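One letter stands for each residue in the lines below.
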2 protein chains.
Amino acid sequence: MFYSRAQSCMLAAGYLAYLLVGALIFQVLEKDAERLQQGITFRMKEDFLKNFTSLSAVEVNIFVENLMETIRRGIYPAENEFSDEHNNWDFSNSFFFVGSMLSTIGYGNLSPKTAGGQLFCVFFALFGIPLNIVFLQHIGKMLSMVCERLAKWLYRKGVKKKTARGLTLLFFLVMGILVFLCVPSVIIRKIEGWSYSEAIYFAFITLSTIGFGDYMIGKYVTFSKQYFLFGSGWLLQ
Amino acid sequence: MFYSRAQSCMLAAGYLAYLLVGALIFQVLEKDAERLQQGITFRMKEDFLKNFTSLSAVEVNIFVENLMETIRRGIYPAENEFSDEHNNWDFSNSFFFVGSMLSTIGYGNLSPKTAGGQLFCVFFALFGIPLNIVFLQHIGKMLSMVCERLAKWLYRKGVKKKTARGLTLLFFLVMGILVFLCVPSVIIRKIEGWSYSEAIYFAFITLSTIGFGDYMIGKYVTFSKQYFLFGSGWLLQ
């Protein structure tokens with residue numbers, strides 16, 4: 001079954017609309033709950049830093065435990081000022097989350113914490129994952145059409161039919177590895193300051209939809225930025 | 001293509017052997033690196049707890065940052081004694097990790113941290129994911145054979161052909177939802193002390209191979225056990 005150009009556009013637009021609406025709904029469901037948790041964490045850290053010299057070792061250890069629990073919940077209490085700016089559920093993050101969910105990568109750097117968000121996640125993915133598969137199959141079909149045309153063009157230029165098919169396949173294989181594995185690896189390596197093995201590992205874990213979430217684009221950048229902000233904050237105090 | 005019983009057994013045994021060998025290799029590659037990291041973390045925490053009353057707020061904050069970085073690397077410094085017992089890469093964890101990787105769930109609660117482990121991960125999954133798909137397709141084919149036999153049996157008992165097919169499909173749908181969604185949800189809810197929405201959410205995130213890793217079986221149990229151990233350790237001191 002091949003689609004017309006209008007149907008292709010409809011499918012792409014429908015998929016995009018589904019992603020956008022999902023991202024918005026997750027934002028509405030999760031944003032306030034996270035802000036609340038961030039506030040609690042920030043006050044806990046603030047109280048601790050005010051009084052730590054008068055605390056016992058047991059109390060300090062309990063603080064460390066609470067901090068671990070907080071990080072497990074996805075709150076990174078690195079900043080020294082509690083602001084509305086650093087919310088994990090801003091629109092771009094929410095959109096990235098929805099995309100990683102529907103492709104079943106599921107990095108898990110962000111995940112719904114409220115009961116409403118979790119149930120919506122189940123229903124949203126129930127229809128979204130098949131939609132994502134249909135969309136990817138469509139792209140695959142379009143690519144195979146391009147592949148066929150290229151083979152025909154080579155055949156008309158005087159290349160043998162078998163050689164033309166072989167050359168086309170090789171071209172797509174090499175292009176696929178370049179576009180989806182090598183180029184992202186090189187770019188990620190530069191931007192994130194990872195090693196080659198880390199960059200290839202990240203690209204593979206993403207492409208295979210395993211998505212451990214141990215390496216995240218921008219996480220290192222954000223971390224170092226936070227570290228820098230925190231350092232300069234202390235200096236100015 | 002249908003397999004004979006011998007071929008079925010071979011496929012299952014081959015898949016299991018692949019998992020076992022993979023688990024062992026990951027253990028060899030990752031165990032020592034983690035132990036080293038655990039030791040560093042433990043000593044950092046120990047030093048901190050000895051001297052915290054003489055430290056400045058800046059130094060305490062840097063300790064908190066280091067702790068966060070440690071947790072991001074998968075080390076949970078909850079215990080007060082550094083022992084060889086609590087290694088994430090014991091055989092059962094390593095096996096669970098390999099299984100979650102090949103099914104592309106990729107919870108990410110455990111992931112290779114060494115360059116060797118990461119590269120082996122890429123090569124292992126490159127052949128393991130197709131093997132896992134073949135294995136699951138085989139199980140699917142066997143189930144559809146059982147489905148067909150049930151429909152034929154109903155037909156012979158005097159049920160109309162269409163009704164027999166419909167009943168069989170309904171039976172498998174209900175059984176599937178029960179076995180893979182409802183029963184695990186109820187059991188997980190009891191063992192882990194989660195709410196119904198959390199349990200269904202976990203079962204769905206697993207089945208869909210999204211695998212955020214925000215909820216992990218045994219994580220809560222381990223956490224509370226560690227908390228208890230830590231508490232009694234302090235009392236006995």
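Keep in mind the model is a prediction, meaning the values are calculated, not measured. The written sequence of each chain sets the order in which its residues are numbered from 1. In the order they appear in the text, chains get letters beginning with A and ligands get numbers beginning with 1. Thresholds applied to this predicted model are a pLDDT of at least 70 for local features of residues and 80 or more for the giving and counting of side-chain atom pairs; totals over whole chains, interfaces and linings are not thresholded and use all residues. The side-chain numbers reported here are obtained from all heavy atoms of the structure, hydrogens and water having been left aside.

### Focus on the UniProt feature "transmembrane region" (unreviewed entry) in chain A
All names here are of chain A.
Next, step 1: Residues annotated by UniProt as "transmembrane region" (unreviewed entry) correspond here to residues 12-29, 116-136, 166-187 and 199-217.
Next, step 2: Only DSSP runs of H or I reaching four residues or more are called helices, and only runs of E reaching two or more are called strands; each is numbered from the N terminus. Summarising residues 12-29: 100% helix, 0% strand, and an end-to-end C-alpha distance of 26 Å.
Next, step 3: End C-alpha to end C-alpha, residues 166-187 measures 30 Å, and it is 100% helix and 0% strand. UniProt positions are given in the numbering used here, feature names are shortened, and annotations may be inferred rather than shown by experiment.

### Remarks on the relation of the copies chain A and chain B
Next, step 1: Alignment of copies: least-squares fit on C-alpha atoms of residues with pLDDT of at least 70 in both copies. If you rotate chain A by 180 degrees and push it 0.0 Å along the axis, it lands on chain B with an RMSD of 0.1 Å. On the angle and the small slide along the axis, the relation comes out as a two-fold axis. Ranked by how close their C-alpha atoms come to the rotation axis, the residues of chain A are headed by Thr53(A), at 2.3 Å.

### Quick notes on the interface of chain A and chain B
Next, step 1: Tallying the contact residues gives 60 residues for chain A and 60 residues for chain B.
Next, step 2: The junction of chain A with chain B conceals about 5,100 Å² of combined surface from both sides, 72% of it contributed by carbon and sulfur atoms.
Next, step 3: Here, a salt bridge means any Lys or Arg side-chain nitrogen found within 4 Å of an Asp or Glu carboxyl oxygen. Linking chain A to chain B there are zero salt bridges.
Next, step 4: Counted as a polar contact is a pair of N or O atoms within 3.5 Å, where, for protein atoms, one must be capable of donating a hydrogen and the other of accepting one, and residues adjacent in sequence contribute only when both atoms are in side chains. Between chain A and chain B we count zero residue pairs in polar contact (both at pLDDT 80 or more) in total.
Next, step 5: Elements represented by at least two residues in the side of chain A that touches chain B include exactly helix H1 (5-51), helix H2 (57-72), helix H3 (91-102), helix H4 (115-156), helix H6 (196-207) and helix H7 (219-236) of chain A.
Next, step 6: For the side of chain A that touches chain B, the leading source of residues is H2(A), giving 13 residues. Any two residues having at least one pair of non-hydrogen atoms within 4.5 Å are treated as being in contact. Once two parts are joined, some of their accessible surface, as seen by a 1.4 Å probe, is lost; buried area is that loss totalled over both.

### Observations regarding the packing of aromatic side chains
Next, step 1: Aromatic rings from Phe, Tyr and Trp, with only the six-membered ring used for Trp, were paired whenever their centres fell within 6.5 Å, and each pair was classed as stacked if the ring planes differed by under 30 degrees, edge-to-face if by over 60, and tilted otherwise. Evaluated as defined, the whole model comprises 24 aromatic pairs over all chains.
Next, step 2: Seen in terms of ring centroids, Phe96(A) and Tyr107(A) are 5.9 Å apart; in terms of plane orientation they differ by 5 degrees. Their pairing is stacked. Here Phe96(A), found in helix H3, pairs with Tyr107(A), found in the loop between H3 and H4; they are 11 residues apart in sequence, far enough to count as distant.
Next, step 3: A residue is classified by how much of its surface remains accessible, and Phe96(A), at 43% relative accessible area, is partly exposed.
Next, step 4: Whether a residue is buried, partly exposed or exposed follows from its accessible area with a 1.4 Å probe, protein chains only, as a fraction of its type maximum: under 20%, in between, or over 50%, in that order. We classify Tyr107(A) as buried; its relative accessible area is 7%.
Next, step 5: Residues Phe171(A) and Phe172(A) carry aromatic rings whose centres are separated by 5.5 Å and whose planes lie at 85 degrees to one another, so their mutual orientation is edge-to-face.
Next, step 6: Residue class for Phe171(A) comes out partly exposed when judged on its relative accessible area of 41%.
Next, step 7: Given a relative accessible area of 22%, Phe172(A) falls into the partly exposed group.
Next, step 8: Connected via pairs of aromatic rings, a cluster forms that spans Tyr18(A), Phe26(A), Phe97(A), Phe120(A), Phe124(A) and Phe212(B).
Next, step 9: Charges are assigned to positions over rings by a cutoff of 6 Å between ring centre and Lys NZ or Arg CZ, combined with an angular limit of 35 degrees from the ring normal. Over the ring of Tyr196(A) we find Arg189(A), and its NZ or CZ is 4.1 Å from the ring centre.

### Let's talk about the packing of H1(A) against H3(A)
Residue and element names in this part refer to chain A.
Next, step 1: Every axis in this analysis is a line fitted to C-alpha atoms, fitted for helices over the stretch in contact. Angles between the N-to-C directions lie between 0 and 180 degrees. Interhelical geometry of H1 versus H3 gives an angle of 120 degrees and a closest axis separation of 8 Å. Taken together, the axes of H1 and H3 are oblique relative to one another. For the element pair H1 and H3, the recorded crossing hand is right-handed. Seen from H1, the contacting residues are Tyr15, Leu16, Tyr18, Leu19, Leu20, Gly22, Ala23, Leu24, Phe26 and Gln27; seen from H3, they are Phe91, Ser94, Phe95, Phe97, Val98, Gly99, Met101 and Leu102.
Next, step 2: Looking at the contact of H1 with H3 residue by residue, the class counts come to 14 nonpolar, four polar and no charged. Comment on the angle field: the value is read as roughly parallel under 35 degrees, roughly antiparallel over 145, roughly perpendicular from 65 to 115, and oblique elsewhere. Two helices cross in a left-handed way if the nearer one is turned anticlockwise from the farther one by less than a right angle. They cross in a right-handed way if the turn is clockwise. Gly counts as polar in this scheme, as do all residues outside two lists: the nonpolar Ala, Val, Leu, Ile, Met, Phe, Trp, Tyr, Cys and Pro, and the charged Asp, Glu, Lys and Arg.

### Concerning unusual backbone geometry
The phi angle of most residues is negative, glycine excepted, and most peptide bonds adopt the trans form.
Residues and elements named next belong to chain A.
Next, step 1: Backbone geometry at Thr104 places phi at a positive 60 degrees, although glycine is not the residue there.
Next, step 2: Residue classification places Thr104 among the buried residues on the basis of a relative accessible area of 10%.
Next, step 3: A positive phi angle, close to 60 degrees, is found at Thr209, a residue other than glycine.

### Regarding a positive patch on the surface
All names here are of chain A.
Next, step 1: Patch definition: residues with relative accessible area over 30% and no salt bridge; like charges joined within 9 Å; nonpolar side chains (Val, Leu, Ile, Met, Phe, Trp, Tyr) joined within 5 Å. All accessibility values rest on the Shrake-Rupley procedure with a 1.4 Å probe; residue burial counts only the protein chains present in the view. When charges are counted, Lys and Arg contribute as positive and Asp and Glu as negative, whereas His and the chain ends are disregarded. Charged side chains are reduced to one point each, which is NZ for Lys, CZ for Arg, CG for Asp and CD for Glu. A cluster of like positive charges, contributed by Arg5, Arg149, Lys152, Arg156, Lys157, Lys161 and Arg165, occupies part of the molecular surface.
Next, step 2: The dominant element in the positive patch, judged by the number of residues it contributes, is H4, at three residues.
Next, step 3: Among the secondary structure elements, Arg149 is positioned in helix H4.
Next, step 4: Take Arg149: its relative accessible area is 57%, and that puts it in the exposed class.

### Here we look at the nonpolar core
As a rule of thumb, nonpolar side chains are buried together in soluble globular proteins.
Next, step 1: Residues belong to a common nonpolar core when they are buried Ala, Val, Leu, Ile, Met, Phe, Trp, Tyr or Cys residues joined through side-chain atoms within 4.5 Å. Among the nonpolar cores identified, the biggest contains 30 residues, and Phe26(A), Phe97(A), Val98(A), Met101(A), Leu102(A) and Phe212(B) are the most heavily contacted of them.
Next, step 2: If you list the elements that add at least two residues to this core, you get H1, H3 and H4 of chain A together with helix H6 (196-207) of chain B.
Next, step 3: Take this core: its biggest share by element is seven residues, from H4(A).
Next, step 4: Aside from chain neighbours lying at most four places away, what touches Phe97(A) is Phe26(A), Trp89(A), Leu110(A), Ser111(A), Pro112(A) and Phe212(B).

### With respect to helix H1 (residues 5-51) of chain B
Next, step 1: With 47 residues, H1(B) extends 66 Å from end C-alpha to end C-alpha; this agrees with the ideal 69 Å at 1.5 Å per step.
Next, step 2: Note that the bend at a residue is defined as the angle between axes fitted to the seven residues ending at it and the seven residues starting at it. Helix geometry: H1(B) is bent most strongly at Glu30(B), by close to 35 degrees. A helix is expected to span 1.5 Å for every residue after the first.

### Quick look at the environment of Tyr201(A)
Next, step 1: Secondary-structure assignment places Tyr201(A) in helix H6.
Next, step 2: Since its relative accessible area comes to 0%, Tyr201(A) is described here as buried.
Next, step 3: Spatially, the C-alpha atom of Tyr201(A) lies 27 Å from that of Met68(A), the residues being 133 residues apart in sequence.
Next, step 4: In this structure, Tyr201(A) is in contact with Phe212(A), Asp214(A), Tyr215(A), Ser111(B), Pro112(B), Gln118(B), Cys121(B) and Val122(B), ignoring residues within four places of it in sequence.

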